[in-house]
Amino acid sequence: MNGKPIDLVLSCVDNYAARMTINTICNETGQIWFESGVSEDALSAHVQLLIPGQNACFACASPLAVAEDNEANIKREGVCAASLPTTMAITAGLLAQAALKLLLDFGEVSNCFSYNARKDFCTTYELGCNPECNEKFCRIQQEEQKGKPKFMEQRA
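Attention here is on the structure that accompanies the text. Quick caveat: nothing in here was measured; it's all calculated off a predicted structure.

**Some remarks on the side chain of Gln142**
Note that Gln142 resides in helix α4 (residues 136-145). Looking at Gln142, its side chain comes within polar contact range of the main-chain oxygen of Asn130, at 3.0 Å. Ignoring any residue separated from it by four or fewer positions in sequence, one finds Gln142 in contact with Gly53, Cys60, Cys129, Asn130, Pro131 and Cys133.

**A few points about the environment of His46**
Tracing the chain through its elements places His46 in strand β3 (residues 44-50). In this view, His46 contacts Glu35, Ser36, Gly37, Thr91, Phe113 and Ser114; residues no more than four positions away in its chain are not counted. Polar side-chain contacts of His46 include one of 2.6 Å to the side chain of Glu35.

**Digging into the environment of Gly30**
Relative to the assigned elements, Gly30 resides in the loop between α1 (16-29) and β2 (33-38). When the C-alpha atoms of Gly30 and Lys4 are compared, they prove to be 9.5 Å apart, with 26 residues separating the residues in sequence. Once residues within four sequence positions are removed from consideration, Gly30 is found in contact with Lys4, Pro52 and Gln141.

**Observations regarding the sheet that holds strand β1 (residues 9-11)**
Read across the sheet, five strands follow the order β1-β2-β3-β4-β5 without closing on themselves; strand pairing throughout is mixed. With one partner strand each, in any of the chains shown, β1 and β5 (121-125) form the two edges of the open sheet. Averaged over neighbouring strand pairs, the angle between their axes works out to 10° when direction is ignored. Pairing of β3 with strand β4 (residues 112-116), which is carried by five bridges, proceeds in the antiparallel orientation.

**Quick notes on α4**
Along α4, the residues classified as buried are Phe137, Cys138, Gln141, Gln142 and Gln145. Burial along α4 is one-sided: seen end-on, the buried residues are contained in an arc of 145°. Buried residues belonging to α4 abut α1. Near the N-terminus of α4, the side chain that reaches the backbone nitrogen of Phe137, with its oxygen 2.8 Å away, is that of Glu135. With its phi angle positive at about 80°, Gly147 sits one or two positions after the end of α4.

**As for helix α3 (residues 85-104)**
In this model, α3 (20 residues) spans 28 Å end to end at C-alpha, consistent with the 28 Å of a helix rising 1.5 Å per residue. Those residues of α3 not exposed but buried are Thr87, Thr91, Leu95, Ala98, Ala99, Lys101 and Leu102. In an axial view of α3, the angular spread of the buried residues amounts to 160°, which keeps them on one side of the axis. Exposed residues pointing more than 90 degrees away from the buried face of α3 are listed as Pro85, Thr86 and Leu104. Note on α3: the residue one or two positions beyond its end, Asp105, has a positive phi of about 55°.

Calculation criteria
Residues numbered from 1 in each chain as written. Predicted model: local features only at pLDDT ≥ 70, side-chain atom pairs only at ≥ 80, totals over all residues. Heavy atoms only, no water. Helix = DSSP H or I, 4+ residues; strand = E, 2+ residues; numbered from the N terminus. Polar contact = N/O pair within 3.5 Å; in protein donor to acceptor, adjacent residues only side chain to side chain. Contact = heavy atoms within 4.5 Å. Pairing = 2+ DSSP bridges. Axes fitted to C-alpha atoms, helices over the stretch in contact; angles between N-to-C directions. Buried < 20%, exposed > 50% of the residue type's maximum accessible area, 1.4 Å probe, protein only. Arc of directions from axis to C-beta. Expected span 1.5 Å × (residues − 1).

Here's what the structure looks like:
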C-alpha cells in the first residue's frame, strides 16, 4: 500500500503513555495508523485515522492529561475503568472495518468516527494538524507534506 514494511498500525491500548509512544514512532517514520479507544464509563468509543503531517496526530488534539503528561488528571474517583465487553467488541469491529476499507481501498474512511452507546449515536469529524504541536516529528511531517496531495485524495 505505501511501500513500507508495515502497511498500517492498529492500536487499541488502554493508556495515554502507550498512545503517545505509538504516536511518536508513527510520526517519526511517517507511518499511517488507526488509534481506537473506549471511554472510562464504557459507553462510548472512537476510531481515529492518523496520517502523519496530513491530519491531527494524537498529540495535536490530545486531552489535557496528555498535554500535561499526567494521566491521573482524567481518572475520576468512583468511575469504573473496566469496559463493557459489548462496547469493546463494537470498537474492535469498527477498527477492523476501517482498516479493511483503507487497505482494500473501498468506501469512505473517516478521519475520526465516534460511537455513543448511551444515545445510539454515531458521528464522524475531521481533526486537522496543529501547526504548534508539541510532537516535533509531527511538525516535521507537516512541513514535508506541504503542497503534496493528501493520502485520502489520492485514493479518490
